[in-house]
Amino acid sequence: MMDGWRKADPPTIKKLPVEADVPEFLADIGRQAGATALQQAVGDLTLIAFYYLLRIGEYTGKPSRSETKQTEQFKLRDVTFFRRDKKGRLRQLPKNAPDHLIMSAESATLKLDNQKNGWKGVCIHQHENGDCFLCPVRALGRRVLHIRNNGGTADTFLSALWSNDSWQYV
């Protein structure tokens, strides 16, 4: 009898909840002439979240945080960029690498200090996708340079943006 029911239902078709065009649309808004620092940050963070498969608490702030909350936001110190050397080996760029090296990095890693499942020190690595703007590595580079060039420290959240002479958070 159960075989009859199984045949009546079509198989499940798995789909992504969001296609790449949604984060790309938000990133495009952030790069339009006259875009605010907030629009730029939202566009970049959306690309980063999409490609790095992040949960919202890992890259945005919350007005009141629970003391039992395990997931921590990404900070500037959690980002590492990579480029290949002359022999083709992937090498880590120094944290104070010049802007042009960061924006031409071939890949980047985000280190999770703590996760909801309790794992610590896990790294998520992404390679560039070939697009000069709609790329998670380029978006991460833009966030890092924005923070660094506005006096941020290693403990500044990636969701921080400098606007109207003060730090604000997405």
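Residues numbered from 1 in each chain as written. Predicted model: local features only at pLDDT ≥ 70, side-chain atom pairs only at ≥ 80, totals over all residues. Heavy atoms only, no water.

A. Fine view of the layout of surface pockets. Empty space within the largest pocket amounts to approximately 180 Å³. In terms of lining residues, the largest pocket is bounded by 13 residues, among which Leu 76, Val 79, Lys 95, Val 144 and Arg 148 are the most central. When residues of the lining of the largest pocket are traced back to their parent elements, those giving at least two are strand E1 (79–84) and helix H5 (136–149). Counting residues per element, the lining of the largest pocket draws most heavily on E1, at 3 residues. Each residue belonging to the lining of the largest pocket can be placed in one class, and the counts come to 9 nonpolar, 1 polar and 3 charged. (1 Å grid on protein atoms, 1.4 Å probe; cavity = no way out; pocket = protein on both sides within 12 Å on 5 of 7 lines; lining within 4 Å. Points joined across faces, edges and corners; volume = space filled by probe spheres on them. Helix = DSSP H or I, 4+ residues; strand = E, 2+ residues; numbered from the N terminus. Nonpolar A, V, L, I, M, F, W, Y, C, P; charged D, E, K, R; others polar.)

B. Helix H2 (residues 21–30), seen in detail. Here H2 has its buried residues at Pro 23, Ala 27 and Gly 30. Viewed along the axis of H2, the buried residues span an arc of 50°, placing them on a single side of the element. Looking at H2, the residues exposed on the side facing more than 90 degrees away from the buried face are Asp 21 and Phe 25. Close packing links the buried residues of H2 with helix H3 (37–52). (Buried < 20%, exposed > 50% of the residue type's maximum accessible area, 1.4 Å probe, protein only. Arc of directions from axis to C-beta. Contact = heavy atoms within 4.5 Å.)

C. Region of interest: the pattern of salt bridges. The full count for this structure, using the stated rule, is 8 salt bridges. Residue Asp 28 is joined to Arg 31 by a salt bridge in which the shortest nitrogen-to-oxygen separation is 3.1 Å. Take Arg 31: its relative accessible area is 45%, and that puts it in the partly exposed class. Linked through salt bridges whose partners overlap, the residues forming this network are Asp 85, Arg 89 and Arg 91. (Salt bridge = Lys/Arg side-chain N within 4 Å of Asp/Glu carboxyl O.)

D. Structural context of the pairing of strand E5 (residues 160–163). As paired strands, E5 and strand E6 (residues 166–169) are joined by 4 bridges and run antiparallel to one another. For Ala 160, the partnering residue across the bridge sits in E6 and is Tyr 169. The loop that links E5 with its antiparallel partner E6 comprises 2 residues; one of these, Asn 164, has a positive phi angle of about 55°. (Pairing = 2+ DSSP bridges.)

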